[in-house]
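# Analysis of the macromolecular model
These are the residues of each chain, in order.
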Amino acid sequence: MIIPKSHPRYVSLKTREQLVRGNRSGIVVPEGLIAHGRGEAFDYILGEKTGQSARNAITAAAALLLTARRPVISVNGNTAALVPGELVRLAQAVGGDVEVNLFHRGSDREKRIARTLRRFGASRVLGVGKDASSRVPRLASMRRQIDPSGIGDADVVLVPLEDGDRASALHRMGKKVIAVDLNPLSRTSRSANVTIVDNITRALPLLNREVRRLRRYDRKRLSRIVGSFNNEKNIVLAVKEITRYLDKWNGT
Ligand code: ATP
């Protein structure tokens, strides 16, 4: 389908098209399309733009990734279809790795996602097949399968478009969790250490830019940024941004 650039919903339609293509090529599951719908609804009431709350979280996330001993970027089908290059660039910029982690795990799908990431420059992709030989304790879904040299060893994990169960299970394992989720009310958002309430398609390029900017800072300064970030307060700010946007439609 050709979407004219002048269409008022060009970005949103293009994103949908990317996911549909991902679905046809075996990267995105139908459930992923539904999850995107939930995200879109929240994006709508955020005014489809990156707010101050997301910007604060992006700065904290960049600082946390840059101070991590072993940062790992977890990749699922939707993120591989939407921002594969940005994910790979981010892992490279923070000296980390990308790891495939799927709720609906399938050998063929894992390999397709890994191939996509390699095509976008990843020199290695963790978590594929037998490499995902470790388990996240007290987690029932297939997402419990992790690579011992990746998420298993990580101190900081970026988990875009996550399910809340795994985000809190990783947190229980003592890992610092960075989430990207358009829904500020989700369990994922509430259990992460740093929650970026924004569309992954806008947040990842901004996060990459912020990592490049903060790379000049020394460790002490980066740790200060992480230490002064309060996720609970920042989520409240995201909710306020939504209510402020909705108030415009109230005539208030
Ligand atoms: P939780 O288990 O954390 O309460 P959930 O059950 O809503 O969350 P899923 O059904 O797995 O989780 O949905 C995935 C989440 O990803 C949703 O909260 C949705 O808002 C979010 N999401 C979907 N698409 C995007 C996107 N493009 N950018 C950011 N977030 C997105």
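Refer to the preceding data block for the structure.
I will try to describe carefully the structure that is included in this document. Keep in mind it's a predicted model, so treat the numbers as computed, not measured.

About the criteria used
- Along every chain, residues carry numbers that run from 1 in the direction the sequence is written.
- In view of the model being predicted, local features appear only for residues whose pLDDT reaches at least 70, and side-chain atom pairs are presented and counted only at 80 or more, with totals across whole chains, interfaces and linings using the full set of residues.
- The basis for every side-chain value is the complete set of non-hydrogen atoms in the structure, without hydrogens or water.
- By convention a nonpolar core is built from buried Ala, Val, Leu, Ile, Met, Phe, Trp, Tyr and Cys residues, the set being connected through side-chain atoms within 4.5 Å.
- Buried means the residue's accessible area, taken with a 1.4 Å probe over protein chains only, is under 20% of the maximum for its type, while exposed means over 50%, and partly exposed covers the values in between.
- Here, two residues are considered to be in contact whenever any of their heavy atoms come within 4.5 Å of each other.
- By the criteria applied, helices consist of DSSP H or I runs no shorter than four residues and strands consist of E runs no shorter than two, each listed in order from the N terminus.
- A patch is a set of surface residues, each over 30% in relative accessible area and not in a salt bridge, joined within 9 Å for like charges and within 5 Å for the nonpolar side chains Val, Leu, Ile, Met, Phe, Trp and Tyr.
- Throughout, the Shrake-Rupley method with a 1.4 Å probe supplies accessible areas, and for residues the shown protein chains are the sole cover considered.
- Any carboxyl oxygen of Asp or Glu within 4 Å of a side-chain nitrogen of Lys or Arg constitutes a salt bridge here.
- Here Asp and Glu are counted as negative and Lys and Arg as positive; His is not counted, and neither are the chain ends.
- Where a charge lies is defined by one atom per residue type: Lys uses NZ, Arg uses CZ, Asp uses CG and Glu uses CD.
- Two strands pair if DSSP finds at least two bridges between them.
- What counts as an axis is a line fitted to C-alpha atoms, over the stretch in contact for a helix, and the angles between N-to-C directions run from 0 to 180 degrees.
- Should an angle lie under 35 degrees it is considered roughly parallel, over 145 roughly antiparallel, and from 65 to 115 roughly perpendicular; all remaining angles are considered oblique.
- Helix crossings are classified by the rotation of the near helix relative to the far one: an anticlockwise turn of less than a right angle makes the crossing left-handed, while a clockwise turn makes it right-handed.
- Here the term charged refers only to Asp, Glu, Lys and Arg, the term nonpolar to Ala, Val, Leu, Ile, Met, Phe, Trp, Tyr, Cys and Pro, and the term polar to all other amino acids, Gly among them.

Turning our eyes to something else, we now look at the nonpolar core. Counting 51 residues, the largest nonpolar core has Leu90, Leu117, Ile178, Ile196 and Leu207 as its most contacted members. In contact with leucine 207, other than residues within four places in its own chain, are Ile58, Ala61, Ala62, Leu65, Leu90 and Leu158. Within the second largest apolar cluster, 14 residues are counted, among which are Leu139, Ile151, Leu170 and Val177.

With that settled, the discussion passes to the environment of glutamate 210. The topology assignment puts glutamate 210 in helix H9 (residues 200–214). For glutamate 210, a relative accessible area of 11% translates into the label buried.

Okay, a positive patch on the surface next. Taken together, the side chains of Arg55, Arg209, Arg212 and Arg215 present a region of like positive charge at the surface. Looking at the secondary structure, you find arginine 212 in helix H9.

Before going further, it helps to examine the sheet that holds strand S3 (residues 125–126). Pairing in this open sheet of 6 strands is parallel, and the strands run S3-S2-S1-S6-S7-S8 from one edge to the other. Both edges of this open sheet fall to S3 and strand S8 (194–196), since each of them pairs with a single strand only. One ladder, built from 3 bridges, connects strand S7 (residues 176–180) with S8; its direction is parallel. Within S8, the position partnered with alanine 179 by the bridge is threonine 195. Sheet contacts for helix H3 (residues 52–67): strand S1 (71–75), strand S6 (156–160), S7 and S8; angle to S8, the most-contacted strand, approximately 130°.

Further remarks concern the packing of H3 against H9. Where H3 contacts H9, the two axes come as close as 9 Å, and the packing angle between them is 55°. Between H3 and H9, the crossing angle belongs to the class labelled oblique. H3 and H9 meet at a crossing whose hand is right-handed. In contact with Arg55, Ile58, Thr59, Ala61, Ala62, Ala63, Leu65 and Leu66 of H3, H9 contributes Ala203, Leu206, Leu207, Glu210, Val211, Arg213 and Leu214. Class assignment of the residues belonging to the contact of H3 with H9 gives a composition of 11 nonpolar, 1 polar and 3 charged.

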